[in-house]
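Okay, here's what each chain looks like letter by letter:
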Amino acid sequence: MISSQLFKKIKPLIFFVIFLPSLIWCYQFINGSLGVNPIEKLMDNMGEMALRLIVLTLFISSLSEFKKFRFLIEVRRMIGLFAFFYVSCHFLIYIVLDHFFNMTFIIKDIIKRPFITFGFISFIFLTPLAITSPKIMLKKLGFKAWKKIHYLIYPASILSSVHFYMLVRANKIEPAIYIFLILVLLLYRLYYKIILPQLAR
Amino acid sequence: MKILPSEITPYTNYLNRRKFIKSSIATSLVLGTSTGLQANHASNQNIYDNQLDENDSLNSFEEITTYNNFYEFGMGKTDPAENSGDFKPKPWSISLEGLINNPQVLDLEKLLQKVTIEDRVYRLRCVEAWSMVIPWQGFPLAEIIKIADPLSSAKFIQFETVFRPEEMPGQKRRSLPWPYVEGLRIDEAMHPLTILSTGLYGHDLLNQSGAPLRLVVPWKYGFKSIKSISSIRFVDKQPDATWPMLAPSEYGFYSNVNNLVDHPRWSQGTERRIGEFKRRKTMMYNGYEEDVSHLYKGMDLKKYY
């Protein structure tokens, strides 16, 4: 069994491993080795990485309920913040590189295109999670209020996976896997957190 | 779009050029570089320049051949370049079928001796809102229609991509209903801008670009320009086309480039020209409005998208 103490020691390594892809892609972008349509590629890479990390935090939340995997909770906040980092990169690339601050177009796009609306709402939902992530915020808000805010991960994760599903033309299998994983993890949490406690009463 | 007869490359020259390219590719393979194509590119620069519109510049051979939508070889943009190595475009035949006086199976090599290969620099606008400028070689589709000699009842043409799952790994998956089919109204098919392409940059089409023979209809979204054509069928009713069949609310039979009619999921008002940073405004009929708008006079383009 891995102890939380030991796990804390390898935390910097995990930090580095999750951060590294963004560095590599930025280097490739500047270097011109990100393919023929580098803006699209960079945006897609960042978005998909964000989705992966979101799934990972949900996975950690469920697994860490088991004693054996409790140590995982040590890295949940960090991974969640990285998810927000990648989402922010994804959104910034859309604004700066894809549409170069054409705000009238961007605002119309967000309102008119359901898949962009979903992505944008997901980003909005994730923002308070990032803001309230420091331990001080937990103390300030109190556990109950903090927890309520963090339930936003549920709609945010569903919206972001649907955002991915809607944007692809034909290869729907990969986004469908994300939706499936998220639903399974959410239903598991729902059962474990809400239904089971009520049955036990 | 202006093409002077003097700019049309005679087929004999074209063949010679192919030989030249082949030998230069062999040389470049030996040398471990790929300068062959650039050498050929330079020799055609004048023809290409004459056909280029003021605001356009050619995309590179590399851009054109490494960023493709050709689901028969996979769904990623680089999949066609990576997975098409086993495809055999030679020998090739095209079957002419349906409402015609001369149904037959045409051998491509023989067909190419009868037609004049021309240079055509066209913009290609993908329905996904990216675009390129490509120097094609090919001949008017009208030439094949002449050979087929359609009956007066033939109003549409349906094209079909070859079905060879052993050589086209994407066809082993059901990402699209195979074989890929597309169609044109007969007057669109007869239009002088509509060509069957055999090459680009003076080089035989690579497998990822739809070797050995593909359609190019420059005023329509790219998916209309069906690749690796194995049959051409003349019919009396509007035929099925793969994308409109799959998602009729998103892709219409006509699929003319139209900056005013958006795809339900994204805007068609702008496009990213591959190799450029800022988006461009998309032009009506992809900039070929003068040449083709008469084909659609009186049609509600919001209904017939």
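Predicted model, so just to flag it, every value in this text is computed and none were measured. (Residues numbered from 1 in each chain as written. Chains lettered and ligands numbered in written order. Predicted model: local features only at pLDDT ≥ 70, side-chain atom pairs only at ≥ 80, totals over all residues.)

Some details on the overall build of chain B
- Along the backbone of chain B there are 9 helices and 12 strands.
- Within chain B, the proportion of its 305 residues that are buried is 43%. (Helix = DSSP H or I, 4+ residues; strand = E, 2+ residues; numbered from the N terminus. Buried ≥ 20, exposed ≤ 12 C-beta atoms within 10 Å, placed from the backbone.)

Details of the interface of chain A and chain B
- Opposite the 11 residues of chain A that make contact, chain B presents 16 residues.
- The residue inventory of the side of chain A that touches chain B, partitioned by class, reads 5 nonpolar, 4 polar and 2 charged. (Contact = placed C-beta atoms within 7 Å. Nonpolar A, V, L, I, M, F, W, Y, C, P; charged D, E, K, R; others polar.)

Looking at the nonpolar core
- With 59 residues, the main nonpolar core has Ile134(B) and Leu215(B) as its most contacted residues.
- No other element matches strand β4 (residues 130-140) of chain B, which puts 6 residues into this core.
- Once you skip the residues sitting within four places of it in the chain, Leu215(B) turns out to touch Leu141(B), Phe159(B), Leu196(B), Ser225(B), Ile226(B) and Ile229(B).
- Residues Leu58(A), Tyr94(A), Leu126(A) and Phe164(A) belong to the second largest nonpolar core, which totals 32 residues. (Core = buried A, V, L, I, M, F, W, Y, C linked by C-beta atoms within 7 Å.)

As for the confidence of the model for chain B
Residue and element names in this part refer to chain B.
- This prediction gives chain B a mean pLDDT of 88; 86% of its residues lie at or above 70.
- Note that residues 9-41 has pLDDT below 50 and, in this model, 32 contacts with residues that lie over four places away or in other chains.
- Here the prediction assigns the complex a pTM of 0.83, and the interface score ipTM is 0.80. (pLDDT = per-residue confidence, 0-100.)

Details of the packing of helix α3 (residues 38-63) of chain A against helix α10 (residues 173-200) of chain A
Residues and elements named next belong to chain A.
- Between α3 and α10, the least distance of the axes is 10 Å, while the angle of their chain directions is 25°. Between α3 and α10, the interaxial angle falls into the category roughly parallel. For the element pair α3 and α10, the recorded crossing hand is left-handed. For the pair α3 and α10, the contacting residues are Leu51, Val55, Leu58, Phe59, Ser61 and Ser62 in the first and Tyr178, Leu181, Ile182, Leu185, Tyr188 and Arg189 in the second.
- Per-class residue counts for the contact of α3 with α10 are 9 nonpolar, 2 polar and 1 charged. (Axes fitted to C-alpha atoms, helices over the stretch in contact; angles between N-to-C directions. Parallel < 35°, antiparallel > 145°, perpendicular 65-115°, else oblique. Left-handed = near helix turned anticlockwise from the far one by under 90°.)

Points about the pairing of strand β3 (residues 118-125) of chain B
All names here are of chain B.
- Of all 8 residues in β3, 8 are buried, a share of seventy percent or more.
- What you see with β3 is no split at all: Glu118, Arg120, Tyr122 and Leu124 on one side and Asp119, Val121, Arg123 and Arg125 on the other are buried throughout.
- Hairpin connection from β3 to β4: 4 residues lie between these consecutive antiparallel strands, with alanine 129 at a positive phi of about 75°. (Pairing = 2+ DSSP bridges.)

Details of helix α6 (residues 114-131) of chain A
Residues and elements named next belong to chain A.
- Its 18 residues give α6 an end-to-end C-alpha distance of 26 Å, which sits within 8% of 26 Å, the value for a rise of 1.5 Å per residue.
- All of the buried residues in α6 are Ile116, Phe118, Gly119, Ser122, Phe123, Leu126 and Leu129. On an axial view of α6, the arc spanned by its buried residues comes to 150°, and they lie on one face. Opposite its buried face, α6 presents the exposed residues Ile124 and Ile131, each directed more than 90 degrees away.
- Tucked inside the fold, the buried residues of α6 contact α4 (76-98), α5 (103-112), α8 (143-150) and α9 (153-167). (Expected span 1.5 Å × (residues − 1). Arc of directions from axis to C-beta.)

Observations regarding unusual backbone geometry
- With an omega dihedral of -5°, the bond running from Trp178(B) to Pro179(B) counts as a cis peptide bond.
- Along the chain, Pro179(B) falls in the loop between β5 (156-161) and β6 (181-185).
- Across the junction of Ala211(B) and Pro212(B), the peptide omega takes the value -5°, indicating a cis bond.
- The residue Phe100(A) is not glycine, and still its phi comes out positive at about 40°.
- With respect to the secondary-structure elements, Phe100(A) resides in the loop between α4 and α5.
- Phi at Asp149(B) is positive, roughly 55°, even though this residue is not glycine.
- Along the chain, Asp149(B) falls in the loop between α6 (141-148) and β5.
- By C-beta crowding, Asp149(B) is classed as partly exposed, having 13 other C-beta atoms within 10 Å.

Topic: the environment of Thr57(A)
All names here are of chain A.
- Residue placement: threonine 57 occurs in helix α3.
- Sequence separation of threonine 57 and tryptophan 146 is 89 residues, and the distance between their C-alpha atoms is 17 Å.
- Setting aside its immediate chain neighbours within four residues, threonine 57 contacts Arg76, Ile79, Gly80 and Ala83.

A closer look at the packing of helix α2 (residues 11-31) of chain A against α3(A)
Residue and element names in this part refer to chain A.
- Between α2 and α3, the shortest axis-to-axis distance is 10 Å and the interhelical angle comes to 175°. In terms of axis orientation, α2 runs roughly antiparallel to α3. Seen from α2, the contacting residues are Pro21, Trp25 and Phe29; seen from α3, they are Pro38, Leu42, Asn45 and Met49.

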